[in-house]
Amino acid sequence: MTDSKYFTTTKKGEIFELKAELNSDKKEKKKEAVKKVIASMTVGKDVSALFPDVVNCMQTDNLELKKLVYLYLMNYAKSQPDMAIMAVNTFVKDCEDPNPLIRALAVRTMGCIRVDKITEYLCEPLRKCLKDEDPYVRKTAAVCVAKLHDINAQLVEDQGFLDTLKDLISDSNPMVVANAVAALSEIAESHPNSNLLDLNPQTINKLLTALNECTEWGQIFILDCLANYTPRDDRESQSICERVTPRLSHANSAVVLSAVKVLMKFMEMLPKDLDYYGTLLKKLAPPLVTLLSAEPELQYVALRNINLIVQKRPEILKHEMKVFFVKYNDPIYVKLEKLDIMIRLASQANIAQVLAELKEYATEVDVDFVRKAVRAIGRCAIKVEQSAERCVSTLLDLIQTKVNYVVQEAIVVIKDIFRKYPNKYESVIATLCENLDSLDEPEARAAMIWIVGEYAERIDNADELLESFLEGFHDESTQVQLQLLTAIVKLFLKKPTETQELVQQVLSLATQDSDNPDLRDRGYIYWRLLSTDPVAAKEVVLAEKPLISEETDLIEPTLLDELICHIGTLASVYHKPPSAFVEGSRGVQHKRLPARAGSGESAESPEVGQSGTSEAPPAVIPSQGDLLGDLLNLDLAPATTTVPSVQPSMQMGAMDLLGGGLDSLMGDESDTLGGDIGGSPSMGAALGAPAAMPAALSNAPAVGGGLGDLFDLGGGVGMPTGFYVAPKTLFLPAMKAKGLEISGTFARRGGIIQMDLSLTNKAMSVMTDFAIQFNRNSFGLAPAGPLQVLTPLTPNQTIDVSLPLGTTGPVMKMEPLNNLQVAVKNNIDVFYFSCQYPLSLLFVEDGKMERQVFLATWKDIPNDNEAQFQIKDVHLNSDAASNKLQGSNIFTIAKRTVDAQDMLYQSIKLTNGIWVLAEMRVQTGNPNYTVNRNKESCQ
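Residues numbered from 1 in each chain as written. Predicted model: local features only at pLDDT ≥ 70, side-chain atom pairs only at ≥ 80, totals over all residues. Heavy atoms only, no water.

Describing the overall build of the protein chain
Then, in step 1: Each helix and strand counted, the protein chain has 36 helices and 15 strands in total.
Then, in step 2: Evaluated residue by residue, the protein chain yields a buried proportion of 52% over its 939 residues.
Then, in step 3: Summarising the internal contacts of the protein chain: among those between residues at least 6 apart in sequence, 70% fall at separations of at least 24. (Helix = DSSP H or I, 4+ residues; strand = E, 2+ residues; numbered from the N terminus. Buried < 20%, exposed > 50% of the residue type's maximum accessible area, 1.4 Å probe, protein only. Contact = heavy atoms within 4.5 Å.)

Observations regarding helix α32 (residues 557–564)
Then, in step 1: For α32, every residue scored as buried is listed here: L559, L560, E562, L563 and I564.
Then, in step 2: For α32, the elements touching its buried residues are α17 (253–267), α19 (296–312) and α33 (570–574).

So, the packing of aromatic side chains
Then, in step 1: Per the counting criterion, the structure on display carries 10 aromatic pairs.
Then, in step 2: Centroid distance Y574 to F581: 4.8 Å. Interplanar angle 90°. Geometry classified as edge-to-face.
Then, in step 3: Between the aromatic rings of F854 and Y905, the centroid separation amounts to 6.3 Å while the plane-to-plane angle is 80°, which identifies the pairing as edge-to-face. Of this pair, F854 sits in helix α35 (residues 851–860) while Y905 sits in strand β13 (residues 901–909), and the two are 51 residues apart along the sequence. Across this residue pair, the class does not change: F854 and Y905 are buried.
Then, in step 4: Chaining the aromatic ring pairs together yields one cluster made of F731, F746, F833 and Y837. (Phe/Tyr/Trp six-rings, centres within 6.5 Å; stacked < 30°, edge-to-face > 60°.)

Here we look at the sheet that holds strand β5 (residues 752–761)
Then, in step 1: Judged by pairing direction, the sheet is antiparallel, and its five strands sit side by side in the order β3-β4-β5-β8-β7 without closing on themselves. Of all strands in the sheet, those bounded by a partner on one side alone are β3 (729–732) and β7 (782–783).
Then, in step 2: Here three bridges tie β3 to strand β4 (residues 740–749), and the two strands are oriented antiparallel to one another. Residue pairing across strands places T729 opposite G744, the latter belonging to β4. (Pairing = 2+ DSSP bridges.)

Structural notes on the confidence of the model for the protein chain
Then, in step 1: Per-residue pLDDT for the protein chain averages 78, and the proportion of residues at 70 or more is 81%.
Then, in step 2: Low pLDDT, under 50, characterises residues 935–939; the predicted model gives this stretch 16 contacts beyond four residues in sequence or across chains. (pLDDT = per-residue confidence, 0-100.)

Examining the pairing of β13
Then, in step 1: The buried fraction of β13 amounts to nine of the nine residues, a majority that puts the element mostly inside the structure.
Then, in step 2: In terms of strand pairing, strand β12 (residues 891–898) meets β13 through seven bridges, oriented antiparallel. By the bridge assignment, T892 is partnered in β13 with Q906.
Then, in step 3: In textbook terms, the turn of a hairpin is the stretch between consecutive antiparallel strands, and for β12 and β13 this stretch comprises two residues, one of which, D899, has a positive phi near 50°.
Then, in step 4: Note: β13 against strand β14 (residues 915–923), nine bridges, orientation antiparallel.

Here's the deal with the packing of helix α23 (residues 388–399) against helix α24 (residues 404–420)
Then, in step 1: One way to put it is that α23 packs onto α24 with a least axis distance of 9 Å and a crossing angle of 155°. When the axis of α23 is compared with that of α24, the two are roughly antiparallel. Judged by the sense of rotation from one axis to the other, the crossing of α23 with α24 is left-handed. Contacts between α23 and α24 pair V392, L395, L398 and I399 from the former with V406, V407, A410, V413, I414 and I417 from the latter.
Then, in step 2: Looking at side-chain class alone, the contact of α23 with α24 contains 10 nonpolar, no polar and no charged residues. (Axes fitted to C-alpha atoms, helices over the stretch in contact; angles between N-to-C directions. Parallel < 35°, antiparallel > 145°, perpendicular 65-115°, else oblique. Left-handed = near helix turned anticlockwise from the far one by under 90°. Nonpolar A, V, L, I, M, F, W, Y, C, P; charged D, E, K, R; others polar.)

Some words on a negative patch on the surface
Then, in step 1: Taken together, the side chains of E464, E467, E471 and E501 make up a negatively charged region of the molecular surface.
Then, in step 2: Locating E501 in the fold gives a position in helix α29 (residues 500–511).
Then, in step 3: We classify E501 as exposed; its relative accessible area is 68%. (Patch = residues over 30% accessible without salt bridge, like charges linked within 9 Å, V, L, I, M, F, W, Y side chains within 5 Å. Areas by Shrake-Rupley, 256 points an atom, 1.4 Å probe, with all protein chains shown as cover. Salt bridge = Lys/Arg side-chain N within 4 Å of Asp/Glu carboxyl O. Lys, Arg positive; Asp, Glu negative; His and termini not counted. Charge placed at Lys NZ, Arg CZ, Asp CG, Glu CD.)

Regarding the environment of D437
Then, in step 1: By the secondary structure assignment, D437 is in the loop between α25 (429–434) and α26 (442–454).
Then, in step 2: Judged by its relative accessible area of 77%, D437 falls in the exposed class.

As for the packing of α19 against α32
Then, in step 1: Where α19 contacts α32, the two axes come as close as 10 Å, and the packing angle between them is 130°. What the angle tells us is that α19 and α32 run oblique. The interaxial crossing formed by α19 with α32 has left-handed handedness. Residues L308, I309, Q311 and K312 of α19 pack against L560, D561, L563 and I564 of α32.
Then, in step 2: Looking at side-chain class alone, the contact of α19 with α32 contains five nonpolar, one polar and two charged residues.

Right under this line is the structure:
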């Protein structure tokens, strides 16, 4: 009889009966009772009242009964922690049982009981099991360390379990090695900066040896660990690749993807002219193709990963186009993904095959798939120039089918083809105009209007066509309204005598009758252009348009490199870095591919900045979610809209506002002293009305150096009576920006924040068309005007520009708080870098608080919030210090002398309305200042 009988009883008084059976002398009856208890627990009944009775059953040699009791214990130990302590002695005893299965069972259960009171009693049994003679017990104990670390990390470190885990990597049993690697990887995830997995060639050799013998999931743990290793040179990289390659033929798709991840990463270090490099490319294709014969869900995961691989290395699958052809019974999500990869692999060699397939797909019954197929034909035309004529012919054939949604998609993609190949395929316009009446989707209507406006001089009745759209102007979507406005203005500039009434009508509709600010603004711009300077209007509106790029949906290279390092994980399916969707306390480490052999760039070594000191290279802006996409999509003109200022309750990051902010305020040309600057937070902050400081600002570390630069101890551009300006530092090296090098600093002049930049052209070509855009940041910094590079930047030329900044841009908490992410565009490309600005930029000129208000606010702050800091080696008296600080908008409200010690009470106001109060003590003859900091507790 099966165990299903235990789930059928629902008698009253059942708990009492079970209690009696659990205390029975008969072993068989006891086992039956425990089974009934587990069955009740499984269906959600509360059987916690039987805890002591079930725990008494632990004293048995029967392995089945012991497993059932341990299962019960794991479930109820958290709700009955005091009772669970009763089981400790049994655990200790079971960990010394002669049967290794019982020892392993005991240590596994110990790791699953998440009760703080019990954990300290379990350290000794766990230590013994980690050194047990049986490998099954050792591998179970290794996983238990990771579970215990999750409960009490400090205890695990104090007991030396992490060192024991590291020793297990050298274990003779491959499964023990795999579990030790898995446990250390799990622990390292919660401590991203710790070097728990100290990978070196010897360790790597042990892992590769274990790789051949452990189970499939053990292989995945080891391969993921290998992917985090950076080989010393291309020879070591090739050696590892050779030993990992056999995993590509594994039956488990997760093992295959993990092996692909390792090979894709280490290929970066192999020279492309190496014979083995070509061999490896050929070996990678068959396993990826094999993954596509699995069930649809696995196919989809494989396709998402292949999409990344094709973007990084299209040569791997360039001969495998046919495997991506869609099958009639593929689910829609697989079909769409295959379609995307087909376009990425399309080339002159296979375009005929691809177009024949796509034309077939366009006659399917699934509307979404048909739309995507029609768009794909357009993308092929843009990507492979030789196929453009054939693609246009295919699209015209599809338009002749008169299927509404096919016609509309075809018109949208033909618009893009016109943009890519101007004055080449305009003969098809007449065919497009025949289908004007059938267009009902905004995107298709907008595309058709663009075509009519762009080629108005070739269409005899262009004015009639646009007038027909104008009749229902207010019912159209914004996209169509904007396009119609531009098209009619184009028509007017081409045929002014015939369309004067039409343009007046559309400008009136856009500016007077519309509530849409975008439409209204564009209408006013056109109106003023046309009324003041028609020649200039013609140059602006009918200017030559840039050709559209081949691939508009490629993943940004930095993000792509990071995603390649996450092949086989959720990040590779979402096409987003883990930081975009993993929440919680665990730190997410950004991974990157190693530098290619012979590139002269090291993944580890820092670059040397202009000052000659070793600095970390400027970070390329990481793609957090769609931040980079947002930045790319932003218009690179200065912002004109007003953004609300930061609300006081907003969490703005754990950082002292003054840490590093006062570090570089005051320059003294006469004092260039060295000494112990200390790196301590500079001045303390106490907050008062009207705005409250976020709670996140309390007890936070400082950013930047010590307070030395405040008094020019670091040596900078001295401004004795004004804002201290730090020397320019390297923001963007030429090697990361195709020859454009950017250095800069920040200043506050006459109440205006400015970013001083030096642009150097280290490339061989001229650079023009500069523009700049900031990402959202903690204090809403944004360009208040365009980047004024008035002359072309010739090779080896440097231009200095000063960019005014405002503080009304979009706000988002950054880490650190004063981090600024910047995009700079020129005629070559868009480049990204991040830098940090001094927070003293944000100190405003009206920051002098009334004495009575200062006194009242200071008194209201509790003594518990006081902290004290030392500023060392500042040879200035209190008056000189006060004058220097006032140059950077740090105002002395009052001064008093107590026991030959001057006490300065000071206030600062930030651009977002936060007030900061501080007390500075200066003793005559003593070069060290003391700063008292009070913080108001704000919720």
